[in-house]
Amino acid sequence: MSTPTPSTPAPAPTVAELEEQERSLTLPRFTHDDAWTLGSLLVELARERGAPVAIDIRRGGQQLFHAALPGSTQDNDAWIDRKRRVVERYAASSLLVGTRFRAKNTTFEDSSRLDPDTYAAHGGAFPITVKDTGVIGTVVVSGLPQLEDHALVVEALTRFLTE
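Residues numbered from 1 in each chain as written. Predicted model: local features only at pLDDT ≥ 70, side-chain atom pairs only at ≥ 80, totals over all residues. Heavy atoms only, no water.

The next thing to look at is the overall build of the protein chain. Along the protein chain, the regular secondary structure elements total 6 helices and 4 strands. For the protein chain, the α and β elements follow one another from N to C terminus as α-α-β-β-α-α-α-β-β-α. Relative to its length of 163 residues, the protein chain is compact, with a C-alpha radius of gyration of 15 Å against a globular reference of 15 Å. If one aligns the C-alpha atoms of the protein chain with their principal axes, the spans along those axes are about 40 × 35 × 35 Å. Pairs at least 24 apart in sequence give 66% of the contacts found in the protein chain among residues at least 6 apart. (Helix = DSSP H or I, 4+ residues; strand = E, 2+ residues; numbered from the N terminus. Rg over C-alpha atoms; globule rule 2.2 N^0.38 Å. Contact = heavy atoms within 4.5 Å.)

When its volume is computed, the largest pocket comes out at roughly 380 Å³. Looking at the largest pocket, it is lined by 17 residues, and the ones nearest its centre are A10, L147, E148, A151 and L152. Looking at the lining of the largest pocket, the elements with two or more residues in it are α2 (32-49) and α6 (146-162). It is α6 that contributes the most residues to the lining of the largest pocket, 7 residues altogether. (1 Å grid on protein atoms, 1.4 Å probe; cavity = no way out; pocket = protein on both sides within 12 Å on 5 of 7 lines; lining within 4 Å. Points joined across faces, edges and corners; volume = space filled by probe spheres on them.)

It is worth spelling out the environment of P52 at this point. Residue position: P52 is located in the loop between α2 and β1 (54-59). The spacing of P52 and T73 is 21 residues in sequence and 8.5 Å in space, taken between C-alpha atoms.

All right, on to the packing of aromatic side chains then. Taken as a whole and assessed by the stated rule, the structure comprises 4 aromatic pairs. Where Y90 meets F108, the ring centres are 6.1 Å apart and the plane angle is 65°; that geometry is what we call edge-to-face. Of the two residues, Y90 is situated in helix α3 (residues 74-90) and F108 in helix α5 (residues 108-111); the sequence distance between them amounts to 18 residues. Taking relative accessible area as the criterion, Y90 reaches 31% and is therefore assigned partly exposed. Ring geometry for F101 against F108: centres 5.4 Å apart, planes inclined by 90°, an arrangement best described as edge-to-face. Both residues of the pair, F101 and F108, belong to the buried class. Here the aromatic cluster, defined as three or more aromatic residues joined through ring pairs, consists of Y90, F101 and F108. One Lys or Arg, R82, reaches over the ring of W79 and ends 4.3 Å from the middle of that ring. (Phe/Tyr/Trp six-rings, centres within 6.5 Å; stacked < 30°, edge-to-face > 60°. Buried < 20%, exposed > 50% of the residue type's maximum accessible area, 1.4 Å probe, protein only. Lys NZ or Arg CZ within 6 Å of the ring centre and 35° of its normal.)

Look at α6: 25 Å from first C-alpha to last across 17 residues, which is about the 24 Å you get at 1.5 Å a residue. Along α6, the positions that sit buried rather than exposed are D149, H150, L152, V153, V154, A156, L157 and F160. Residues of α6 that are buried in the fold lie against α1 (15-24), α2, α3, α4 (94-103), β3 (125-130) and β4 (134-142). (Expected span 1.5 Å × (residues − 1).)

Within β1, 5 of the 6 residues are buried, which leaves the element mostly enclosed by the surrounding structure. Across 6 bridges, the pairing between β1 and strand β2 (residues 62-68) is antiparallel. In the strand pairing of β2, R58 is matched with Q63. Remark: 2 residues form the turn of the hairpin made by β1 and β2, two consecutive strands paired antiparallel; G60 in that turn has positive phi of roughly 60°. The pairing of β1 with β4 spans 6 bridges and is classified as antiparallel. (Pairing = 2+ DSSP bridges.)

Counting residues in hydrophobic clusters, the biggest one holds 30 residues, and the most contacted among them are F30, L38, L42, I57 and V139. Looking at this core, the elements with two or more residues in it are α2, β1, β2, β3, β4 and α6. Among the elements that take part in this core, α2 stands out by supplying 7 residues, more than any other. Aside from chain neighbours lying at most four places away, what touches L42 is I55, V139, V141, L152, V153 and A156. Counting residues in each nonpolar core, the second largest holds 11 residues, with L18, V86, Y119 and A121 among its members. (Core = buried A, V, L, I, M, F, W, Y, C linked by side-chain atoms within 4.5 Å.)

Spelled out as structure tokens, the structure:
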């Protein structure tokens, strides 16, 4: 695989690559303090890049963390809700869900039978999975192109697990 240059975007990950990300990013636990730490890490990464994003972390129905950085808008919060609902329904990242549909030569919008005003299978929402428990929440970023939203969440979760 060649290294992408600034003029050549990275290729979209495959279904297998996305599934492996989810397996490898299973957490031993997830507390209120962990939500603050992960959210703060996402804010730090976004600020370093000047990324105009909104960030949301939930456990079950409870919002544990939310931040809206300069340049983000109310639309980002609407995207967060739509992408989060995909994770809650499918127990998989919003990018993985959309990629699975595309791998079947269709789209989420055409084949899911779900209202696109309520659900969006675009990258940026990731399940918070706890070992021996399963999916207990979501972490979502909105404001960048979908592959970049997804990559930011994956980077933060990877760092969170190693700190």
